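What the coordinates show
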Amino acid sequence: MTTVISRPQDTACPIPAMAPADMDAAIASARAAVGLPVGSRVVAAMSGGVDSTVVAALLHKAGYDVVGVTLQLYDHGAALKKKGACCAGQDIHDARLAAETLGIPHYVLDYESRFREAVIDQFADSYLEGRTPVPCIRCNQTVKFRDLLDVARDLGAEAMATGHYVRRAVGPDGRSQMRKAIDPSRDQSYFLFATTRDQLDYLRFPLADLEKPQVRGLAADLGLRIAAKPDSQDICFVPSGDYRTLIDRLRPQGREAGEIVHMDGRVLGTHSGITDYTIGQRRGLNVAVGDPLFVVRLEPETRRVIVGPREALLTGSLTLEETNWLGDEADIQTAAAAGRPVLARVRSTRPPLPARLFRDGDAVGVAFDEGEEGVSPGQACALYDPADPDRLLGGGFIASTTAVV
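Residues numbered from 1 in each chain as written. Predicted model: local features only at pLDDT ≥ 70, side-chain atom pairs only at ≥ 80, totals over all residues. Heavy atoms only, no water.

1. Description of the overall build of the protein
Assigned secondary structure in the protein consists of 10 helices and 17 strands. Its C-alpha radius of gyration of 22 Å places the protein within 12% of the 22 Å reference for a compact globule of 405 residues. With the principal axes as the frame, the protein shows a C-alpha extent of 75 × 50 × 35 Å. Expressed as a percentage of contacts within the protein between residues at least 6 apart in sequence, the contacts between residues at least 24 apart total 67%. (Helix = DSSP H or I, 4+ residues; strand = E, 2+ residues; numbered from the N terminus. Rg over C-alpha atoms; globule rule 2.2 N^0.38 Å. Contact = heavy atoms within 4.5 Å.)

Below is the structure:
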């Protein structure tokens, strides 16, 4: 018998908006997203947040043999005291309590060392190298969609479901596709560009047809006490929001002083560490020449921060590394050799822009039709289909950029 926990009445934060929930429709949608016979075993990746908890609950009510798995990715005092920092402290407790409420088995796996190596160390090294990392993508690419999938298979599951807002579909050729979720404000396809075809065949995303207020409404109607839990904020392993303090502790050599140099060669001042700067940054330069200046390039070898006018930020093309391809072509190299048109997104907050793939020696490049602003090595570039803009084609991490001449 399922234990029902009443809706939360007391909360330290304002209760977020909750839309009326159509439970039967949500369960039917979850079954359609899973696409397996009722009774099949499905692992639910439970972070302790609203989205992943509702996924586990919907699959349980839909009649699947659900096993919840939570990853402990880091553990420090500040994280334990901050709401909305996933995979540590309170969130693990919330995931365990939700599993007990639903009456499903639940496992907590200690992945701290893997997470540190694959995500935290890489995050710190990127800033030291003058790059701008996207740790959520690294986490999905490595710990969650590689290591955790192996665990799900070891548990005998036929699929693994997550709370990501993205859609998995099967194309006319019978191969899996990744598509945007129905709610553009929640769509997470940018952060999942590195999901391989094999991984996508095994993954399921039951929230693709729901908006966040509906998910909260479902959580409330299911008696889950996390219905009004705030969403995760900032970088999960930097609960204070001050990522530079973490970098200083892990990579103190980033605190070596250097020069701030205008792109015309003038030395305008000095700085106390290159890790304080990212491409496109305007605030905190502490130099003035009359017109606004922006960071246009970082040179970690010489510890120089190069600044210039805003128009210098316009990027005409970029090259990719660590690419992934979900398009119809055999691989991204084939698509690039053919000059395939794409829509390229270089940040989750930017709209995709018209561009074209090309080959640059052994590398794959992306040439923008009209340029893109503030592109930095280390960021991700997700690619979409101009003929079908909801379809994610893949992407890669940005290796280098070329300014518009």
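2. Quick look at the nonpolar core
Most often, soluble globular proteins keep nonpolar side chains buried together rather than apart. One finds L73, F115, M160, M178, F193, F205 and F237 to be the most contacted residues of the largest nonpolar core, which totals 50 residues. Those elements that place two or more of their residues in this core are strand 1 (41-45), strand 2 (65-72), helix 5 (112-128), helix 6 (135-154), helix 7 (197-202), helix 9 (243-250), strand 16 (380-385) and strand 17 (388-403). (Core = buried A, V, L, I, M, F, W, Y, C linked by side-chain atoms within 4.5 Å. Buried < 20%, exposed > 50% of the residue type's maximum accessible area, 1.4 Å probe, protein only.)

3. Some points on helix 5
In this model helix 5 runs 22 Å from its N-terminal to its C-terminal C-alpha over 17 residues, within 8% of the 24 Å that 1.5 Å per residue would give. Q122 marks where helix 5 bends most, by close to 30 degrees. Those residues of helix 5 that sit buried are F115, A118, V119, I120, D121, F123, A124, S126 and Y127. At its buried positions, helix 5 is contacted by helix 6 and helix 9. Looking one or two residues beyond helix 5, the residue adopting positive phi is G130, at roughly 75 degrees. (Expected span 1.5 Å × (residues − 1). Bend = angle between axes of the 7 residues up to and from the residue.)

4. Concerning helix 6
The end-to-end C-alpha separation of helix 6 is 27 Å, in line with the 28 Å expected for 20 residues at 1.5 Å each. Remark: the principal bend of helix 6, roughly 30 degrees, maps to L148. Most of helix 6 sits inside the fold, with 14 of its 20 residues counted as buried. Two residues or fewer past helix 6, G156 is found with a positive phi of approximately 80 degrees.

5. Regarding the sheet that holds strand 4 (residues 159-161)
Read across the open sheet, the five strands follow the order 3-2-1-4-7; overall the sheet is parallel. What marks the edges here is a single partner per strand, and that holds for strand 3 (106-110) and strand 7 (203-204). Packed onto the sheet, helix 4 (residues 90-102) meets strand 2 and strand 3 and runs at close to 160 degrees relative to strand 3. In the packing of helix 6 onto the sheet, the strands contacted are strand 1, strand 2, strand 3, strand 4 and strand 7, and the crossing angle to strand 4 comes to about 130 degrees. (Pairing = 2+ DSSP bridges. Axes fitted to C-alpha atoms, helices over the stretch in contact; angles between N-to-C directions.)

6. So, the sheet that holds strand 10 (residues 294-299)
Sheets are built from strands that pair by backbone hydrogen bonding, the pairs being arranged parallel or antiparallel. The mixed open sheet is built from four strands, whose spatial order is 9-8-11-10. Lying at the two open borders of the sheet, with one neighbouring strand each, are strand 9 (267-271) and strand 10. Strand-to-strand twist across the sheet, computed as the mean angle between neighbouring axes with direction ignored, equals 25 degrees. Pairing of strand 8 (residues 258-262) with strand 11 (residues 304-308), which is carried by three bridges, proceeds in the parallel orientation. Its bridge partner being in strand 11, I260 is matched across the sheet by V305.

7. Focus on the pairing of strand 13 (residues 341-345)
Burial of strand 13 is extensive: four of the five residues sit out of reach of the surface. When strand 13 meets strand 16, the two strands line up antiparallel, connected through three bridges. Bridge pairing in strand 16 places L343 opposite Y384.

8. With respect to the pairing of strand 6 (residues 176-180)
When you tally the buried positions in strand 6, you get five out of five residues, the bulk of the element. Across five bridges, the pairing between strand 5 (residues 166-170) and strand 6 is antiparallel. Across the sheet, V170 pairs through a bridge with S176, a residue of strand 6. Between the antiparallel neighbours strand 5 and strand 6 lie five residues, among them G174 with a positive phi of about 85 degrees. The sheet contact formed by strand 6 and strand 17 spans two bridges and is antiparallel. What sits directly across from M178, in strand 17, is L392.

9. Considering the packing of aromatic side chains
Evaluation of the coordinates by the stated rule reveals seven aromatic pairs. Taking 5.2 Å as the distance between ring centres and 70 degrees as the angle between the ring planes, the aromatic pair formed by F123 and Y127 counts as edge-to-face. Taken as a pair, F123 and Y127 lie in helix 5 at a separation of four residues, close to a single helical turn. When its relative accessible area of 7% is taken as the criterion, Y127 is described as buried. One aromatic cluster is present, built from ring pairs that chain together F115, F123, Y127, F237 and Y243. Over the ring of Y202 we find R153, and its NZ or CZ is 4.3 Å from the ring centre. Just above the ring of Y384 sits the side chain of K180; from NZ or CZ to the centre is 4.8 Å. (Phe/Tyr/Trp six-rings, centres within 6.5 Å; stacked < 30°, edge-to-face > 60°. Lys NZ or Arg CZ within 6 Å of the ring centre and 35° of its normal.)

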